[in-house]
Each structure stands twice: as structure tokens, then as C-alpha cells.
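Structural features, examined
Here's the letter readout for the chains.
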Amino acid sequence: MIAPPGESRPGRKTIRGLADLAIRGAPPAFTDIVHVGRPNIGDRAAFMGRVDAMLDSRWLTNNGPLVQELEQKLARYLGVRHVVAMSNGTIALEIAIRALGLKGEVILPSYTFIATAHALQWQEITPVFADIDPVTHNIDPAAVERMITPRTSGIIGVHLWGRAAPVDELAEIARRRHLSLMFDSAHAFGSTYRGRRVGAFGRAEVFSFHATKFFNCFEGGAVTTNEDDLATTMRYMRNFGFETYDKAVHVGTNGKMPEICAAMGLTNLDSLDAVVEVNRANLAAYEAALADIEGVSLLRYDPREQSNFQYVIVEVDPGFAASRDEIVAALHAEGILARKYFWPGCHNMQPYRDLYPHAGLLLPNTKAVAERVIVLPTGTALPPHAIEVIASVFRVLGASRARA
Ligand SMILES: *Cc1c(COP(=O)(O)O)cnc(C)c1O
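Residue numbering note: each chain is counted from 1, following its sequence as written. Under the rules for a predicted model, residues below a pLDDT of 70 receive no local features and side-chain atom pairs below 80 are neither given nor counted, while totals for whole chains, interfaces and linings still include all residues. Heavy atoms from the whole structure form the basis of all side-chain values; hydrogens and water molecules are not counted.

Details of unusual backbone geometry
Following W343, the chain continues into P344 via a peptide bond in cis, with omega recorded as 0 degrees. A run of DSSP states H or I qualifies as a helix once it reaches four residues; a run of E qualifies as a strand once it reaches two. Both are numbered from the N-terminal end. Relative to the helices and strands, P344 resides in the loop between β15 (336-337) and α11 (352-355). At H137, a position not held by glycine, the phi torsion is positive, near 70 degrees. Inspection of the secondary structure assignment puts H137 in the loop between β4 (126-130) and α5 (141-147). Even without a glycine there, the phi angle at W161 is positive, about 60 degrees. Here W161 is to be found in the loop between β5 (152-158) and α6 (167-177). In this scheme, a residue with accessible area under 20% of its type's maximum is buried, one over 50% is exposed, and one in between is partly exposed, where area comes from a 1.4 Å probe on protein chains only. Residue classification places W161 among the buried residues on the basis of a relative accessible area of 0%.

So this is what it looks like as C-alpha cells:
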């Protein structure tokens, strides 16, 4: 039976007041948890076809034909000479950092996924955390400049939320101070900076193709570069340093992408545009639903640039009637697993908290942003009703004087 307009359909909850909230004892809006970063999965039949061919060939890993095809297609898509596919983004970061010869201290934002910092500390390189721009959430070039010491060897910019870091300003600092510049581009697959796709900036860029990312290979990642020698070194490094059978020419690790991951990547590459359109439509729906709620603002994307719109970011004004954490708790109770990325900042997590206990003194913008951000679910697996429920939670809590 179809419910008349204005009435909620069976199983669909309408939130009009505090008493309707699950956190106040009402039934949750969703019994199947709605996750941030639920994987986008392309054409199943095409994927299964690739898997069948792979099993028939018994070439499952070790730079197989699917990995080679993926690398070529990605190089064309990103507009870069070399794509070196890896088992995940973290190994790709570690290998890029080592291949660039970074040592001593490397400057990066604290407001990033912790793997950016770990990839340095893992190799006994000191991560030096620079503050961010409170509007863009990206690393602030002036803060980078302040953190340079005689021990600094490089800068890692992060294209946060798929919006490019200030590439030109960072490149200028790197050139003038003789530092290597690379990017953690895990969020920015398909995004542009001044009209050029992210992937060919700095000396190297690192992507993650983890299942939760815009472009997913189950697990996977890649380093992209225009430098031939660097690409060759990284190909050795990802395969135990082997140049040919029985001949290792470099220290190495195992960073190889398996064929089944490349099969997933090749399949998902064909539906990228469709996923962007879904994300764009979800963002527009969020904008409409949240527009009239004062004290809550959605992060804007530059209309002159391309983006994957994989991250829907809300900032909660400290003056809003409910705190950021109260809103997140209320959303969780409804079955919506909104996230507080990247709270409380890498510098507040171990081992960095103990190693660099004073890092936070120079990170006031990082602290402020980390305390007001909520990441909301989007993507092809978002239930149609979810945006309405989420906006209702904000509206009801905003009107509640919950903290009065
Ligand atoms: C996901 C992510 C990584 C790590 O990539 P994995 O493929 O999960 O190892 C690194 N940096 C950032 C900013 C990320 O979002």
C-alpha cells in the first residue's frame, strides 16, 4: 500500500521532535547500519568475467596482465607518465618516502588519516605537524615554512576531502628551501587543481584504492610520478628489490597488487562518472536539507574544479544548541555511523602524543576544525531516506537548547 502524501510509509520514521529520536528511546531510523565509505561496486558481471579469465590463466599476482592494464589506464586517466600499483596506500606511502630518500624531518598536516604520519615514523623519520587553513582544512603553506629546520628533507601535502592542497605555494617553498615535495592523494582520485588532474604534482603522489575510497580495488594503492628513475626504483622496491629472476638490485618489500584487486579496479574505472553523479546529487540533497539550519555548514567544493564528492563534511558551529559529539551520538543511535574524521588529530594519538607532547601548541586551527567536523555518509549505497533523517536530527537538536 502506498501511503498518502504527508504520511510516513511503514518502516520509515519521521523525526519531528526530541521524543522521536532513538537516543531518547524511540526506535532507530535504520536497523541496517548506514556507514560512511560504503563501497561503490561497479558492474558485477564484468568483474566476474575478469575473475574467471584470471583463474583460467592461473596468473594471480606478480605484475600480472590485469595490474599492467590498470596501470596503463590509470596513467592515461591521471595524465602522468608512471603509475606503480601497490598492495595498499600505506605501503605506497612508505615506498614513495623511501624512494625519494626522505630522512630526518618531514612536514605534513596533523589533520589527516594517521597512515600519513605512520609511513614516516615506521621508517624512523620524524613527522613534523604543520597547521591547516581553517577554511579549506588543507595544510597552510605559511605554517609549513615556520616548521622548516636544518633537518627537514621534505613536505607531504594531503589533498584533504578531495580538494587539492595549495600545490603551487608548496612547490615554491620546496624549490626555494631545497626540499622534496610529495602528496598523499588518497582522497583525491579524479580531482583537479587548476584544471589538471591530481597525480602529476610534486615529485610523487600516492593514492589509496581501499574499499572505502572513491575508486576501490578492495585493497590497493599506487604511486604516480613523472620521474623515470624514481618509478623504476619503486618497481624494484615493491617486489623485494628484484630486477629479474634471481637478481635483487635494491632493498625491497612486498607491495605487489594482486590480480583480483586490479580486476576490481578495471571494473570500477568504467563506472567512475556514474559514482560522481550519485555523490554530486547526494551533496545537493544535503545542501537543500540543511540550508535552513543555522550554525551548521557544509564544506563547499570549488565549482571551477572537478571533484569526486566522496566526502560530505559538515561543520558544527560551537554556538549550535547541540555539541558536535551530541549530534554524532544521536546519529549513531539512529543507525547512521557518522564519523569525526580526523579527530583528535594525529599529534594526539600514539605514539605521537608521547613523542611530541608539545606539537599541539602550534596547531590551533587543527584543534578547532577537528572539534567541529562531522563526516556524513554518501555514495551509491546510501538509502534514499537517510539524508532526510540526518537533516531532521540536526534540526530537532538545533531547536532543542540541548545544552541550556
Ligand atoms: C586511506 C588513506 C590512507 C591509507 O591508505 P590504505 O590504502 O588504507 O593503506 C592514507 N592517507 C589518507 C589520507 C587516507 O585517507
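Now that the structure is up, let's keep going.
Some remarks on the site of the ligand
Taken together, 14 residues are adjacent to the ligand, and G89, T90, D184, S208 and K213 come closest. D184 is positioned such that a nitrogen or oxygen atom in its side chain is 2.7 Å from a nitrogen atom of the ligand. Relative to its unbound accessible area of 380 Å², the ligand is 91% covered by the protein chains. Listing elements by their share of the shell around the ligand, those giving two or more residues are α3 (89-99) and α4 (115-121). Residue classes follow a fixed rule: Ala, Val, Leu, Ile, Met, Phe, Trp, Tyr, Cys and Pro count as nonpolar, while Asp, Glu, Lys and Arg count as charged, and any other residue, Gly among them, counts as polar. Tallied by class, residues from the shell around the ligand come to 3 nonpolar, 9 polar and 2 charged. Working definition: residue near molecule or strand if any one of its non-hydrogen atoms lies within 4 Å of it. Polar contact is defined as a pair of N or O atoms within 3.5 Å, subject to the rule that within protein one atom must be able to donate a hydrogen and the other to accept it, and that residues adjacent in sequence are counted only when both atoms are side-chain atoms. Note on areas: these come from Shrake-Rupley sampling with a 1.4 Å probe, and a residue is covered only by the protein chains present in the view.

Let's talk about the domain arrangement of the chain
The start and end points of each domain follow an automatic or database-based domain assignment. Partitioning the chain into structural domains gives domain 1 (18-31 + 271-338 + 377-403) and domain 2 (44-269). If you average the C-alpha positions of domain 1 and of domain 2, the two centres end up 30 Å apart. Residue contacts follow a heavy-atom distance rule, with two residues in contact if any of their heavy atoms lie within 4.5 Å. Each partner contributes to the interface: domain 1 provides 16 residues, whereas domain 2 provides 23 residues. In total, domain 1 and domain 2 occlude about 1600 Å² of area from one another, counting both sides; carbon and sulfur atoms represent 51% of this. On the surface where domain 1 and domain 2 come into contact, there are 14 residue pairs in polar contact (both at pLDDT 80 or more). When two components associate, each loses some accessible surface as probed by a 1.4 Å sphere; the sum of these losses over both components is called the buried area.

Observations concerning the pairing of β4
Each regular strand carries side chains that alternate between the two faces of the sheet. Extensive coverage of β4 is indicated by the burial of 4 of its 5 residues. Taken together, the 5 bridges between strand β3 (residues 105-109) and β4 define a ladder with parallel strand orientation. Its bridge partner lying in β4, E105 is registered against T126. Regarding the hand of the β-α-β motif, the stretch spanning β3, α4 and β4 is right-handed. A pair of strands is considered paired only if DSSP assigns at least 2 bridges between the two. For the handedness criterion, the strands are oriented away from the viewer, and a crossover whose path from the first strand over the helix to the second runs clockwise is classed as right-handed.

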